[in-house]
Amino acid sequence: MASSSKDSASCLEGSVSLLTAGVEGMTLGQGTKDDKKEQVHAEDDKKEQVHAEDDKKEQVHAEDDKKEQVHAEDDKKEQVHAEDDKKEKGMTLGQGTVFKVMSMNVGYNKKGDKTEKARAEERIKEVVVLLNNENPDLVFLQECPRPKMLAEKLAKELPPKPWEVWEGVKDNWDSYSCIISNKDKIEVEGHDFYKIYLNLGKKEISGEGQFLQRLFVRQVKGDGSLVASYHGRQNAIGGNGSLTDEKKKTIFRDLLKLLDEVCKKAKCHVLIGGDFNLKYAIAETVVTEVVQERSNQYNLHTNGYQNKPRKKMVDYFMYNGPQEDVRNVRVGNATDLFDHKPLYADFKLK
């Protein structure tokens, strides 16, 4: 019986051992499957993470695309602004841009006054006031006392407009015919006017010393049109008395011939503003004669004021382009410090 009990116990222990081993085997197998599942989940997580990173990259690319689109729109806006700036500067050539032009002899009213030189600075201040009030784009001055001082005052007192003062040629004992431009609207540059004239060698143009020394010519940048400030002679060279009307007519006729030859050679038009010291009525007869001789049109533009009718005016614009390109000519006001009044017009470039 004892032996049988031991055998039963041994058999029971064996069964328990087998059962335990089986359970352990089941547990191990189940753990492997769970590990695999966890591994799969981990790989899925990695994939999701990769997709998330890809989504972020796509989002970044989308934002970059938006930025590029914004930059492209900004570029377009800048291009539009640049075109608008060009229009404001009058550089839209071929579209008939209109500029306000001014011409004035700014000589002192009281000739022979010993304080004339001393009052040069006062005259310059008044010119600055005129430019500030009238805001012209292109200015022709005659008998301007100190162009360099004028340039300094314009830069100091009327910023930020980039006024450019071209000193020009000495037209009197201590003054100049000069040109001023507002570079925001119109720019001028040098031109080979005199070189072209010399190369022409036209003998029919005589007495050039009477006007070449008083004619200052520049060229409109980007257009080719010529602009000039002119101060015709009142007295003979050397100051030996006043010139007769006949002598003035001869000088003016030669000036027209010169302009005609140069403009034909350069294939351009010219606008002159000045004190011609020749009455408008007389100048018109000379223009008519020259036009008949040379088949080239010149038009004079001025206006009268108060007790001074148009025919007696010596200040005018002269243009050899279409007559309608110079319009709305009017006489302005200025202090009696000056012996002339400013002349204004609207000038259209082709």
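Structure: above.
Quantities reported herein were computed from a predicted structural model and do not represent experimental measurements.

Student: Honestly, the pairing of strand S1 (residues 98–105) in this entry has me stumped. Any pointers?
Tutor: Both faces of the sheet carry side chains from a regular strand, because those side chains alternate between them. Counting buried positions over the eight residues of S1 gives seven, a clear majority of the element. In this sheet, strand S12 (residues 343–348) lies alongside S1 in antiparallel orientation, the contact comprising six bridges. Paired with phenylalanine 99 across the two strands is phenylalanine 347, which belongs to S12. As defined by bridge partners, S1 adjoins strand S2 (residues 138–144) across five bridges and the pair is classed as parallel. Within S2, the position partnered with asparagine 105 by the bridge is glutamine 142.

Student: Sorry if this is basic, but what is going on with the packing of helix H2 (residues 120–134) against helix H3 (residues 147–157) here?
Tutor: A pair of packed helices is characterised by two quantities: the angle between their axes and the separation of those axes. One way to put it is that H2 packs onto H3 with a least axis distance of 10 Å and a crossing angle of 45 degrees. Between H2 and H3, the angle is such that the two are oblique. The handedness of the crossing between H2 and H3 is right-handed. On H3, the residues touching Glu121, Ile124, Lys125, Val127, Val128 and Leu131 of H2 are Met149, Leu150, Lys153, Leu154 and Glu157.

Student: How should I be thinking about the sheet that holds strand S7 (residues 226–231) in this particular structure?
Tutor: Backbone hydrogen bonds are what pair the strands of a sheet, in a parallel or an antiparallel way. One open sheet accounts for six strands, arranged S5-S6-S7-S8-S10-S9; its pairing is mixed. The open sheet has two free edges, formed respectively by strand S5 (188–189) and strand S9 (299–301), since each of these has just one partner strand. As defined by bridge partners, S7 adjoins strand S8 (residues 270–275) across six bridges and the pair is classed as parallel. From the neighbouring strand, alanine 228 faces S8, where its bridge partner is isoleucine 272. Against the sheet, helix H6 (residues 280–294) contacts S9 and strand S10 (315–319), and its axis sits at roughly 165 degrees relative to S9.

Student: Honestly, a negative patch on the surface in this entry has me stumped. Any pointers?
Tutor: Where like charges cluster on the molecular surface, the negative patch consists of Glu43, Asp44, Asp45 and Glu48. Tracing the sequence through the fold places glutamate 43 in helix H1 (residues 2–88). Its relative accessible area of 41% is what places glutamate 43 among the partly exposed residues.

Student: Would you take a moment to explain the sheet that holds strand S3 (residues 163–172) for this structure?
Tutor: Pairing is mixed in the open sheet, where six strands are placed in the order S3-S4-S2-S1-S12-S11. Looking at the sheet topology across the chains shown, the edges are occupied by S3 and strand S11 (326–331). Sheet twist, expressed as the mean angle between neighbouring strand axes with direction ignored, is 15 degrees. Sheet strands in contact with H2 are S1, S2, S3, strand S4 (175–182) and S12, and its direction is about 160 degrees off that of S1. Each of S2, S3 and S4 is contacted by H3, which is oriented at about 160 degrees to S3, the strand it contacts most.

Student: Would you mind going over the pattern of salt bridges with me for this structure?
Tutor: One side chain can pair with another of opposite charge once the charged atoms of both are near each other. This model, assessed by the stated rule, comprises 10 salt bridges. Residue lysine 185 pairs with aspartate 137 through a salt bridge whose shortest N-O separation is 3.8 Å. Taken together, the positions of lysine 185 in the loop between S4 and S5 and aspartate 137 in the loop between H2 and S2 put the pair 48 residues apart, joining distant regions of the chain. Relative accessible area serves as the criterion here: at 8%, aspartate 137 is assigned to the buried category. Look at the salt bridges and you will find they share partners, linking Glu121, Lys153 and Glu157 into a network.

Student: It is not clear to me how H3 should be interpreted in this structure. Could you clarify?
Tutor: Quick reminder: α-helices carry 3.6 residues per turn. Residues three or four places apart thus point the same way. When H3 is considered as a whole, its buried residues turn out to be Pro147, Met149, Leu150, Lys153 and Leu154. Buried residues of H3, viewed axially, fall in a sector of 155 degrees; they line one side. Residues of H3 that are exposed and point more than 90 degrees away from the buried face comprise Lys148, Glu152, Ala155 and Lys156. Taken together, the buried residues of H3 touch H2, S2, S3 and S4.

Student: Sorry if this is basic, but what is going on with unusual backbone geometry here?
Tutor: Glycine aside, residues mostly have negative phi, and peptide bonds are mostly found in the trans state. Positive phi, close to 50 degrees, is recorded for asparagine 135, a residue that is not glycine. Checked against the element boundaries, asparagine 135 lands in the loop between H2 and S2. Judged by its relative accessible area of 30%, asparagine 135 falls in the partly exposed class. One non-glycine residue, glutamate 143, lies in positive phi territory at about 55 degrees. For glutamate 143, the location among the structural elements is in strand S2. On the accessibility criterion, glutamate 143 (8% relative accessible area) is buried.

Student: What is the right way to look at the nonpolar core in this model?
Tutor: Nonpolar side chains tend toward joint burial in soluble globular proteins. Among the nonpolar cores identified, the biggest contains 35 residues, and Phe193, Phe252, Ile272 and Met318 are the most heavily contacted of them. Only helix H4 (193–200), strand S6 (215–220), S7, helix H5 (245–266), S8, H6 and S10 provide two or more residues apiece to this core. Counting residues per element, this core draws most heavily on H5, at eight residues. When residues no more than four places from it in sequence are discounted, the contact partners of phenylalanine 193 are Leu212, Leu215, Val217, Leu226, Leu258, Leu259 and Val262.

Student: What should I look at first to understand the packing of H5 against H6 in this one?
Tutor: With their axes 10 Å apart at the nearest point, H5 and H6 run at an angle of 40 degrees to one another. Between H5 and H6, the interaxial angle falls into the category oblique. Here H5 runs over H6; the crossing is right-handed. Contact with H5, carried on its side by Asp245, Lys249, Phe252, Arg253, Leu256, Lys257, Asp260, Glu261 and Lys264, involves Ile282, Ala283, Thr285, Val286, Val287, Glu289, Val290, Glu293 and Arg294 of H6 and no other residues of that element.

Cut-offs used in this document
- Residues numbered from 1 in each chain as written.
- Predicted model: local features only at pLDDT ≥ 70, side-chain atom pairs only at ≥ 80, totals over all residues.
- Heavy atoms only, no water.
- Buried < 20%, exposed > 50% of the residue type's maximum accessible area, 1.4 Å probe, protein only.
- Helix = DSSP H or I, 4+ residues; strand = E, 2+ residues; numbered from the N terminus.
- Pairing = 2+ DSSP bridges.
- Axes fitted to C-alpha atoms, helices over the stretch in contact; angles between N-to-C directions.
- Parallel < 35°, antiparallel > 145°, perpendicular 65-115°, else oblique.
- Left-handed = near helix turned anticlockwise from the far one by under 90°.
- Contact = heavy atoms within 4.5 Å.
- Patch = residues over 30% accessible without salt bridge, like charges linked within 9 Å, V, L, I, M, F, W, Y side chains within 5 Å.
- Areas by Shrake-Rupley, 256 points an atom, 1.4 Å probe, with all protein chains shown as cover.
- Salt bridge = Lys/Arg side-chain N within 4 Å of Asp/Glu carboxyl O.
- Lys, Arg positive; Asp, Glu negative; His and termini not counted.
- Charge placed at Lys NZ, Arg CZ, Asp CG, Glu CD.
- Arc of directions from axis to C-beta.
- Core = buried A, V, L, I, M, F, W, Y, C linked by side-chain atoms within 4.5 Å.

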